[in-house]
Amino acid sequence: TAAAVAAALPFAAKCAPSLDYSFAWAAKLPAAVPVYPRAHAQEAGGSDTAGCRLRVVNFRTPVAVSDVIDFYHTSAARAGLVPRVSKAGKDKVVSGGKGALSFAVHARRTADGLTEVDLVTQG
């Protein structure tokens, strides 16, 4: 669930219990880290409670994992968010932030050949 994804990230864990589920949250992502073009949202949650401007979106896309990671790395770098690429288990990850905004994008290939992505922003 979106709350479980957020709870696993240090910058988002404290806000995970306050998530409200609605696909409308996918449209409220920061401009530097939008839902990937040609993607289909599977789940979205968010919160605007005091100190918890959290967005969590799970989506799928037919694009390769490396293309998704490159897209978010480039977009974040252009916005000055200091992105870094890493691995977490089978996931490729791009994460970073600057000032009050933090983000993490976890992408993995699924058995059906699609790329599944968990995108989390705080701030």
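Residues numbered from 1 in each chain as written. Predicted model: local features only at pLDDT ≥ 70, side-chain atom pairs only at ≥ 80, totals over all residues. Heavy atoms only, no water.

Asker: Mind showing me how you'd approach the sheet that holds strand β5 (residues 91-98) here?
Answerer: In any sheet, the strands associate via hydrogen bonds between backbone groups, in a parallel or an antiparallel arrangement. Here we have 7 strands laid out as an open sheet, ordered β1-β2-β3-β7-β6-β5-β4, and antiparallel in their pairing. The sheet is open, and its two edges are formed by β1 (20-21) and β4 (84-88), each paired on a single side. One ladder, built from 9 bridges, connects strand β2 (residues 40-49) with strand β3 (residues 52-61); its direction is antiparallel. Residue pairing for β3: G46 is matched across the bridge by R55. Across the sheet, helix α2 (residues 65-78) touches β3, β4, β5, β6 (101-109) and β7 (115-122), and the angle it forms with β6 is around 170°. (Pairing = 2+ DSSP bridges. Helix = DSSP H or I, 4+ residues; strand = E, 2+ residues; numbered from the N terminus. Contact = heavy atoms within 4.5 Å. Axes fitted to C-alpha atoms, helices over the stretch in contact; angles between N-to-C directions.)

Asker: Even after reading the chapter, I still don't get the nonpolar core, so can you show me in this structure?
Answerer: Soluble globular proteins tend to bury their nonpolar side chains together. Core analysis: the biggest nonpolar cluster contains 23 residues, and F59, V68, Y72, F103, V105 and L119 have the highest contact counts within it. The dominant element in this core, judged by the number of residues it contributes, is α2, at 5 residues. Look past the residues within four positions of F59 in its chain and what remains in contact with it is V35, Y36, A39, H40, A41, Q42, Y72, T115, E116, V117 and L119. In this structure, A12, C52, L54 and A104 belong to the second largest nonpolar core, which totals 12 residues. (Core = buried A, V, L, I, M, F, W, Y, C linked by side-chain atoms within 4.5 Å. Buried < 20%, exposed > 50% of the residue type's maximum accessible area, 1.4 Å probe, protein only.)

Asker: Explain the side chain of R55 here, please?
Answerer: Structurally, R55 is set in strand β3. Looking at R55, its side chain comes within polar contact range of the main-chain oxygen of S47, at 3.1 Å. Beyond its immediate sequence surroundings of up to four residues, R55 is in contact with W25, K28, L29, G45, G46, S47, D48, L119, V120 and T121. (Polar contact = N/O pair within 3.5 Å; in protein donor to acceptor, adjacent residues only side chain to side chain.)

Asker: Quick question: what am I supposed to make of the packing of aromatic side chains here?
Answerer: The description of an aromatic ring pair uses the distance of the two centres, along with the angle that the planes make with each other. Within the structure shown, the criterion is met by 3 aromatic pairs. Seen in terms of ring centroids, Y36 and Y72 are 6.5 Å apart; in terms of plane orientation they differ by 50°. Their pairing is tilted. Of this pair, Y36 sits in the loop between β1 and β2 while Y72 sits in helix α2, and the two are 36 residues apart along the sequence. We classify Y36 as buried; its relative accessible area is 12%. You can call Y72 buried: its relative accessible area is 0%. Judged by centre distance (4.9 Å) and plane angle (85°), the ring pair of F71 and Y72 falls under edge-to-face. (Phe/Tyr/Trp six-rings, centres within 6.5 Å; stacked < 30°, edge-to-face > 60°.)

Asker: Please clarify how the state of the cysteines should be interpreted in this entry.
Answerer: Disulfide: a covalent bond formed between the sulfur atoms of two cysteine residues. In total, this model carries 1 disulfide according to the counting rule given. Disulfide pairing is shown between C15 and C52; the S-S distance is 2.1 Å. Where C15 bonds to C52 through sulfur, the torsion about that S-S bond is close to -80°, and the disulfide is left-handed. Remark: C52 occurs in strand β3 and C15 occurs in the loop between α1 (2-7) and β1; sequence separation between them is 37 residues. As far as burial versus exposure is concerned, C15 and C52 are alike and both buried. (Disulfide = S-S within 2.5 Å.)

Such coordinate-based values are descriptive only and should not be taken to indicate function.
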